[in-house]
Amino acid sequence: MFWTVWWNILDFMIVFLIILSSVIPYIGQRREIFAVIRVIRAFRILRSVSSLTSLNVVTHTMVKSLGDMLNILFVLILFMFVMAIAGVTLFDISELETGHFQTTFDAWFVLFVCVTQDGWVSIMDEFRPDADDRSTIKQQYFILIAIYLMSGVAIGAFVFTNLIVAVVVANLEIAVQELRAEKLLQDNPLEFHVTLF
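Given the structure is predicted, the values throughout are model-derived calculations rather than measurements. (Residues numbered from 1 in each chain as written. Predicted model: local features only at pLDDT ≥ 70, side-chain atom pairs only at ≥ 80, totals over all residues. Heavy atoms only, no water.)

Colleague: Before we go on, may I ask you to explain the overall build of the protein chain in this structure?
Modeller: Scanning the protein chain for helices and strands turns up six helices and zero strands. Element order for the protein chain, N to C, with α for helix and β for strand: α-α-α-α-α-α. Residue burial in the protein chain is summarised as follows: out of 197 residues, 27% are buried. At a minimum sequence separation of 6, the contacts of the protein chain that also span at least 24 residues come to 64%. Accessible area of the protein chain: about 13,800 Å², with a carbon and sulfur share of 68%. (Helix = DSSP H or I, 4+ residues; strand = E, 2+ residues; numbered from the N terminus. Buried < 20%, exposed > 50% of the residue type's maximum accessible area, 1.4 Å probe, protein only. Contact = heavy atoms within 4.5 Å. Areas by Shrake-Rupley, 256 points an atom, 1.4 Å probe, with all protein chains shown as cover.)

Encoded structure:
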């Protein structure tokens, strides 16, 4: 029964690593590893999560949501990779005088800036033609880069962020329903309840 509860397994691993870190320095010379193992002791505080019901529900929700969030993140990375290839194809032109789209990684970083919404306007301003600059290439590409960056912000930041929030909210609803069913069983243990799984 002890080994079926994940908190007990986590607690055992932490205590085992603590004991291991205090025994092994006498055997070997690698002290950097033991410093890392000693830092793991801080994770024992996670044990207190199981005593607080609301924090326990939030923790279980995040753990249950992790797989779905990783799937959404994978789709986001694929989307950004496709957009990065399109960015290199469209904007790697010497007349634009920018280093943002020379490689796929550079273009992917521009899209990462769009998803985080931190500095994408300054990237767009680099493409903005000056008032005295009447080159038609910069004017044509400014409209295209504005559409490119705004679509990166709209799809990357808003759509994928809302998908992650939707996954967490759906799993939170399931966790609250499970908690209510468990509490109902604890309140009246003699009553027979049918649970649907």
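From this point, the discussion proceeds with the structure in view.
Colleague: Which parts of the structure should I look at to understand the nonpolar core?
Modeller: Soluble globular proteins tend to bury their nonpolar side chains together. Core analysis: the biggest nonpolar cluster contains 29 residues, and F101, W120, I145, Y148 and L149 have the highest contact counts within it. Ignoring anything within four residues of it in the chain, the contact list for F101 reads G87, V88, F91, D92, D106, A107, V110, F127, I145 and Y148. (Core = buried A, V, L, I, M, F, W, Y, C linked by side-chain atoms within 4.5 Å.)

Colleague: Looking at this structure, I do not really get helix α3 (residues 53-91). What am I missing?
Modeller: Owing to its 3.6 residues per turn, the α-helix aligns residues three or four sequence positions apart on the same side. Across its 39 residues, α3 extends 53 Å between first and last C-alpha, which sits within 8% of the 57 Å expected from 1.5 Å per residue. Of all bends in α3, the biggest is about 45°, found at L66. (Expected span 1.5 Å × (residues − 1). Bend = angle between axes of the 7 residues up to and from the residue.)

Colleague: How should I be thinking about the packing of aromatic side chains in this particular structure?
Modeller: Within a pair of aromatic rings, the relevant descriptors are the distance that separates the centres and the angle that separates the planes. Tallied over the full model, the rule gives eight aromatic pairs. Ring centres of F12 and F16 lie 6.1 Å apart, and the angle between their planes is 20°; this geometry places the pair in the stacked category. Taken as a pair, F12 and F16 lie in helix α1 (residues 6-23) at a separation of four residues, close to a single helical turn. Judged by relative accessible area, which is 42%, F16 ranks as partly exposed. Taken together, a centroid distance of 5.3 Å and an interplanar angle of 70° make the contact between F91 and Y148 edge-to-face. Taken together, the residues span a long stretch of sequence, with F91 in helix α3 and Y148 in helix α6 (residues 136-187) at a distance of 57 residues. Its relative accessible area of 6% is what places Y148 among the buried residues. Among the aromatic side chains, those forming a connected cluster through ring pairs are F91, F101, Y141 and Y148. (Phe/Tyr/Trp six-rings, centres within 6.5 Å; stacked < 30°, edge-to-face > 60°.)

Colleague: What is the right way to look at the pattern of salt bridges in this model?
Modeller: Side chains bearing opposite charge may pair, as long as their charged atoms lie close to each other. Applying the stated criterion to the full structure yields one salt bridge. Residues E178 and K64 are paired through a salt bridge, measuring 2.8 Å at the closest nitrogen-oxygen approach. Of this pair, E178 sits in helix α6 while K64 sits in helix α3, and the two are 114 residues apart along the sequence. Here E178 falls in the partly exposed class, since its relative accessible area comes to 40%. (Salt bridge = Lys/Arg side-chain N within 4 Å of Asp/Glu carboxyl O.)

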